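The primary structure of each chain is shown beneath.
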Amino acid sequence: MTPRVVITGMGVISPNGQGKQAFCRALLDGRSGVKRTSRFDPSELPVQIAGEIPEFDEFAWIEPRERKHVSRVVPLCLAASTEALHDAALDPTRMSAQEKREIGIVLGSGGGAQEYSEENYRLWHSGHVKQVSLFCIPSGTMGTLSSEVQMRFGFRGYSHVVTTGCTSSTDALGYALQHIQAGVQPMFLVGGVDSTITPGIIKGYTMLRALTTRWNDEPERASRPFSADRDGFVLAEGSWMFVLEDYDHARARGARMYAELAGYASTCEAFHRVRLSESPDEPARAITEALAEAQLAPDNIDYVQLHGTATELNDRVETRALKLALGDHATKIPMSGIKSQIGHAQGASGAAGIAATLVAMEHGQIPPTINLDVPDPECDLDYVPETGRKASIEHAVCNCVGFGSKNSAVVLRKIA
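Residue positions within a chain follow its written sequence, with the count starting from 1. Confidence filtering applies because this is a predicted model: local features only for residues at pLDDT of at least 70, side-chain atom pairs given and counted only at 80 or more, and all residues used for totals across whole chains, interfaces and linings. Computation of side-chain values: all heavy atoms of the structure, hydrogens and water removed.

**Notes on the pairing of strand S8 (residues 237–246)**
Each residue gets one of three labels from its accessible area relative to the maximum for its type: buried under 20%, exposed over 50%, partly exposed in between, using a 1.4 Å probe on protein chains only. Helix and strand labels come from DSSP, where a helix needs a run of H or I of at least four residues and a strand needs a run of E of at least two; each type is numbered from the N terminus. Across the ten residues that make up S8, a large majority, ten, are buried. Here, strands pair whenever DSSP counts at least two bridges between them. Pairing analysis gives eight bridges linking strand S1 (residues 5–14) to S8, with the strands arranged antiparallel. Bridged to Val-5 within S8 is Asp-246.

As structure tokens, this is what we get:
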């Protein structure tokens, strides 16, 4: 029998709330975390807003003298990881060496240290060579991110970074799920982190015409998935971390269980390096295969957490994919998209959606898709606009779509 894998801890640093309680309140109230960019002067850029967390205190998690040597994703991830471990009743300072060897780390990040590398390039090319970090190479390498977390907590298990664009953190959870099921390790600290709000990244996405440019004066209205007047996504940052655990292992130590990670699947068309899936077939296949792994039929699903970027093509393709995968039941399932509230956290967005789904399961309430003001006739499912809705959720699908036509889906089952 395939081992069951459960989520026993959650930690959140999000544009609409630091800490899982603040995140929960904001999410269910439908409060936007999008605001004018403050870390640099955006006035010369066509996009001046982001799902930024200006109140996040980096120096509470890393010493000021060390900050220049690491990316912002490090303190973001350490903060969310600390809360997730505490939430799971795990104290690394009290663990034996053997217990620390039983905990692996898998992080999903699409941008990783891009913010850090861009800043070091800026210093170099502007003549401030002495201010360039000695660690610009190792700290700018994506794979060292999990090592930073491992060093902080002293864990000695697997240490990996998954980077598959927007599906990175969803795939990280799938990777950890499969390793627990294979008996490699009983526990993983896993999730997503990204912080790519930089002038260079904004300029690059502007060239792709992917970002919204119409809402600089009303940031909270900017992220508009499935609304007919959408014109692109909003960049965001944040970290959403979880403790994944073998069910028997969790039960033996009396751990609280949020939900079971019941199914995971990933597909890829790989027909273009930039575009998202233009056909609904592959995104639908990821959902169908995740349901099959969970041994569920479409009519077992009570909720779908959407990818919902607010780009014209992606929202329509996702809608069609859900109809293909879920059949007639698609029109009966309440769905919502967290990006409407926080923007697009890139490779961490899948983990953000899973956190939102756990909140919905725990509180019996669907978080709203805000800013859905003008119905798009080609996006005609139940997106639960504006106020949210009470609902009992036993099974949920978390959907994710990324560059290179990558698609991932996770099925969550509430623990009775």
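After that view of the structure, there is still more to cover.
**Some thoughts on unusual backbone geometry**
Despite not being glycine, Val-384 shows a phi value in the positive range, around 50°. On the secondary structure map, Val-384 appears in the loop between strand S12 (365–366) and strand S13 (389–390). Here the phi dihedral of Glu-386 falls at roughly 65°; this positive angle occurs in a residue that is not glycine. Its place among the elements puts Glu-386 in the loop between S12 and S13.

**Thoughts on the environment of Phe-135**
When you line up the elements, Phe-135 lands in the loop between helix H5 (114–125) and helix H6 (144–153). In this structure Phe-135 comes out as partly exposed when scored by relative accessible area, which is 37%. Residues Phe-135 and Val-70, 65 residues apart in the sequence, show an inter-C-alpha distance of 7.9 Å. In what follows, residue pairs with any heavy atoms lying within 4.5 Å of each other are defined as contacts. Residue contacts for Phe-135: discarding those within four places in its chain leaves His-69, Tyr-116 and Gly-140.

**Regarding the pattern of salt bridges**
In what follows, salt bridge is the name for a side-chain nitrogen of Lys or Arg lying within 4 Å of a carboxyl oxygen of Asp or Glu. For the coordinates displayed, the defined rule picks out 30 salt bridges. The salt bridge involving Arg-122 is made with Glu-119; its shortest N-O contact spans 2.8 Å. Within this pair, Arg-122 and its partner Glu-119 are both found in helix H5, separated by three residues, close to a single helical turn. You can call Arg-122 partly exposed: its relative accessible area is 45%. We classify Glu-119 as partly exposed; its relative accessible area is 33%. Via salt bridges that share partners, Arg-39, Glu-52, Glu-58, Arg-67, Arg-72, Glu-115 and Glu-237 belong to a single interconnected network.

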